[in-house]
Structures are given as structure tokens and as C-alpha cells.
Amino acid sequence: ESRMQVVLNSPELRARYSYLVKEKQAMTHAEFLRAHGQQIALLQPLPQAPEVSVAALQTSRAMAARVGGTGVSVSEQEAANIFRELPELQKLYLSVVPSLLTATAFWERCFST
């Protein structure tokens, strides 16, 4: 499991796991992973983003005009239309918004490439 791989790759977590779970048996394997879940999540590598070509995306002049330095505003209906055409982009969106990027930052990056 990927969470345990993170524990084994981190000297600090590996030492804690060895002490708490194996030596002292103060916690079970599942309890350790639950108790250290946030630290494990921070050490996990980010998911590989699928390669998405946005060349097929036909942006309107109004949307392109909104790309200025103030951020991009994409309505829910516009996003649904985009995701219908580009489902891989929707997968990327769901994997990073809001955990890594705001929706505005996502769309700004999307339309600036």
C-alpha cells in the first residue's frame, strides 16, 4: 500500500512505526496509519497529471478576455461544457481543486498554456 511505502521511505516515520507498532505494540498498524495520516499525506508524491490537450477547446472571446491578471472566471455551465469535451481535464481538475489550487488558479493556468 502506498501509505506504508511513505512510512518506510521516511526515516522519522519508519522509526516511530518500528517503536510504536513493532516494539511496544502500543498501536496497531491501522491505528498508526490513522494517527499519522496527515504527515503521511504530506509526504506522498502528487498524482501524475494526465496529459491533456486543450487545443480542441474552443474558448469564446468573452472567456479569453477574462484571462487578464485578475484571474479567470469560468461558470459552472462553461466548466461542464469544457469537461464534456475534455474528460481528462475534469479528472485533473478534481484531483487538484481545492486541495492544491483554487478553481480560479486552475483555470488561469489552463488558459495560459
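Residues numbered from 1 in each chain as written. Predicted model: local features only at pLDDT ≥ 70, side-chain atom pairs only at ≥ 80, totals over all residues. Heavy atoms only, no water.

Topic: the nonpolar core
For clarity, the cut-off: Note on terminology: a nonpolar core comprises buried Ala, Val, Leu, Ile, Met, Phe, Trp, Tyr and Cys residues joined through side-chain atoms within 4.5 Å. Each residue's exposure class comes from its accessible area (1.4 Å probe, protein chains only) as a fraction of the maximum for that residue type: buried when under 20%, exposed when over 50%, partly exposed otherwise. Each helix is a run of H or I in the DSSP string that is no shorter than four residues. Each strand is a run of E no shorter than two, and both are numbered from the N terminus.
Counting residues in each nonpolar core, the largest one holds 15 residues, and the members touching the most others are Ile82, Phe83, Leu89, Phe106 and Trp107. At the level of elements, helix H6 (76–85), helix H7 (87–96) and helix H8 (103–112) are the ones that each hand at least two residues to this core. Within the second largest apolar cluster, 9 residues are counted, among which are Met4, Val6, Val21 and Phe32.

Section: helix H2 (residues 11–23)
Regarding H2, the residues found buried are Leu13, Tyr17 and Val21. After H2 finishes, the residue Gln25 shows a positive phi value of roughly 50°.

Considerations on the packing of H7 against H8
Heads up, the condition is: Between the N-to-C directions of two axes lies an angle of 0 to 180 degrees, each axis being a line fitted to C-alpha atoms and, for a helix, fitted only over the stretch in contact. For this classification, under 35 degrees means roughly parallel, over 145 means roughly antiparallel, 65 to 115 means roughly perpendicular, and everything else is oblique. In this scheme the handedness of a crossing depends on how the near helix is turned from the far one: anticlockwise by less than a right angle means left-handed, clockwise means right-handed. Contact definition: two residues touch when any of their heavy atoms are within 4.5 Å. Amino acid classes used here: Ala, Val, Leu, Ile, Met, Phe, Trp, Tyr, Cys and Pro are nonpolar; Asp, Glu, Lys and Arg are charged; the rest, including Gly, are polar.
In contact at an axis separation of 10 Å, H7 and H8 are set at 140° when each is read in the N-to-C sense. Our classification of the angle between H7 and H8 gives oblique. With respect to the hand of their crossing, H7 and H8 are arranged in right-handed fashion. Contacts from Leu89, Leu92, Tyr93 and Val96 in H7 reach Ala103, Phe106, Trp107 and Cys110 in H8. Broken down by class, the residue content of the contact of H7 with H8 amounts to 8 nonpolar, no polar and no charged.

As for the packing of helix H1 (residues 2–9) against H2
Two elements in contact, H1 and H2, have axes separated by 5 Å at closest approach and are oriented at 100°. With respect to each other, H1 and H2 are oriented roughly perpendicular. Between H1, through Met4, Val7, Leu8 and Asn9, and H2, the contact on the second element is made entirely by Pro11, Leu13, Arg14 and Tyr17. Partitioning the contact of H1 with H2 into residue classes produces 6 nonpolar, 1 polar and 1 charged.

Topic: H1
The cut-off we apply is this: The directions from the helix axis to the C-beta atoms form the arc being described.
By the burial criterion, the buried members of H1 are Met4, Val6 and Val7. Down the axis of H1, the buried side of the element spans an arc of 155°, and every buried residue falls inside it. Looking at the buried positions of H1, the neighbouring elements they touch are H2, helix H3 (29–35) and helix H4 (37–43).

Read these as geometric descriptors, not functional statements.
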